[in-house]
Amino acid sequence: MKILVTGAKGFVGKNLCAELMNISKGNCSFEGIPKGVEVLCADVDTDAQVLREYCLDCDFVFHLAGVNRPQNTEEFTVGNVDSLTQVVTYLKEQGNFCPVVLSSSTQAQLLNPYGESKRQAEAFLLQYGKEANVKTYIFRFPGIFGKWCRPNYNSVVATFCHNTAHNLPLRIDAPEKEITLVYIDDVVRSLLMCVNDSAQRNDEGFCTVSPEYTPSLQKIADLLLSFKEGRKKLQVPQLSDSFTSKLYATYLSYLPKDEFSYPLDTHSDYRGSFTEIIRTSDRGQFSVNISKPHITKGNHWHHTKNEKFCVVSGKGVIRFRNINDDEIIEYFVSGDKIEVVDIPTGYTHNIENLGDTDMVTFMWASEAFEPQHPDTYFLEV
């Protein structure tokens, strides 16, 4: 199978081509698209003869090429109508009646030059499909957000992400205004569904992407600012909310290249060190503990706080004792056998490094440590 993608260097095109290449290499799969699929990428700088040759061989066309911020209104027709006409003309010349997908916009419902050009492109493709008995698919996309979207162009999310990550102000003229958004991975999945003819359509016959989100501009801004502050407080957002999760992934892709990392506070002494990595209000705390050779740490117990220990380097022993009896339970642990040891409540416990090198332990606690309410009580095992 050969799939032609026009507008391959654009926001949606980059993401679609990347996923098609994943499928081609066998890194993932999608029903109806075989491993080894050839991706024919075309953009505004593609030679006309090369595009014509692509149209001879392709089995499917994603026409994503278009313009929405030209220097003059005449370019709307050139970028949104003429580019589609050129592809269809080449297909007809070659006798290639493969399916065609068109990327349109909800702006097609509005009376402006951009919307008019999109309506013309839609009408042209529908007419071509009817006359040539070709399967056609038209998406009227709302706002799309995700990685690789250009800021300060036509996406408020991209602009807000860029500005937040680069310490620039956010301009919000109508904070309570809600906008309709779809996420780029959901867009790509919906586009690929056209290949096996399983795309979802609305009552008007346009293909749709789900889910849609309708956050206010203020909510987007507040979330982005919380992501930024979260790095300082070692916090991660509530990722069970799908919009928050997708926006967080998007935000991280706009970080300056020299700010991918951020410092952590390490508490060190003769025994080793303890470094907190992530803390949350509802999912506990994640830390890394380094124990020097033959050092024992711990010797305390908790009422409610529970923990998970995972030794990833070195070797040692974790000892437990129910505070109400004398029996000592031992679990020998090693980086050679990665396993999690649960630390139950009501048991005093410690961990001893039995080796001659540092022992590294990943630790999760169900509650982030609070000095005022530590729920930690010293008691020798």
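Right above here is the structure, for reference.
Cut-offs and rules
Residues numbered from 1 in each chain as written. Predicted model: local features only at pLDDT ≥ 70, side-chain atom pairs only at ≥ 80, totals over all residues. Heavy atoms only, no water. Pairing = 2+ DSSP bridges. Helix = DSSP H or I, 4+ residues; strand = E, 2+ residues; numbered from the N terminus. Axes fitted to C-alpha atoms, helices over the stretch in contact; angles between N-to-C directions. Contact = heavy atoms within 4.5 Å. Buried < 20%, exposed > 50% of the residue type's maximum accessible area, 1.4 Å probe, protein only.

**Here we look at the sheet that holds strand S11 (residues 296-301)**
And then number 1: One open sheet holds the five strands; their spatial order is S14-S13-S16-S11-S18, and the pairing between them is antiparallel. A strand with exactly one partner marks an edge of an open sheet, and here the two such strands are strand S14 (329-334) and strand S18 (377-378).
And then number 2: Looking at chain direction, strand S13 (residues 315-322) and strand S16 (residues 347-353) are connected through seven bridges and run antiparallel. In the sheet register, Arg319 faces S16, and the bridge partner there is Asn350.

**What to know about the sheet that holds strand S2 (residues 38-42)**
And then number 1: With parallel pairing, five strands are arranged side by side in an open sheet as S2-S1-S3-S4-S5. What marks the edges here is a single partner per strand, and that holds for S2 and strand S5 (136-141). Pairwise comparison of adjacent strand axes, ignoring direction, gives a mean angle of 15° for this sheet.
And then number 2: Pairing of strand S4 (residues 100-105) with S5, which is carried by six bridges, proceeds in the parallel orientation. Its bridge partner being in S5, Ser104 is matched across the sheet by Arg140.
And then number 3: Each of strand S3 (60-63), S4 and S5 touches helix H6 (residues 184-193); the most contacted strand, S5, lies at about 165° to it.

**Thoughts on the environment of Ser83**
And then number 1: Mapped onto the elements, Ser83 comes out in helix H3 (residues 74-93).
And then number 2: On the basis of relative accessible area, Ser83 is assigned to the buried category, the value being 15%.
And then number 3: Distance from Ser83 to Glu339, taken between C-alpha atoms, is 57 Å for residues 256 residues apart in sequence.
And then number 4: Leaving out residues up to four positions away in the same chain, Ser83 has contacts with His63, Ala65 and Val78.

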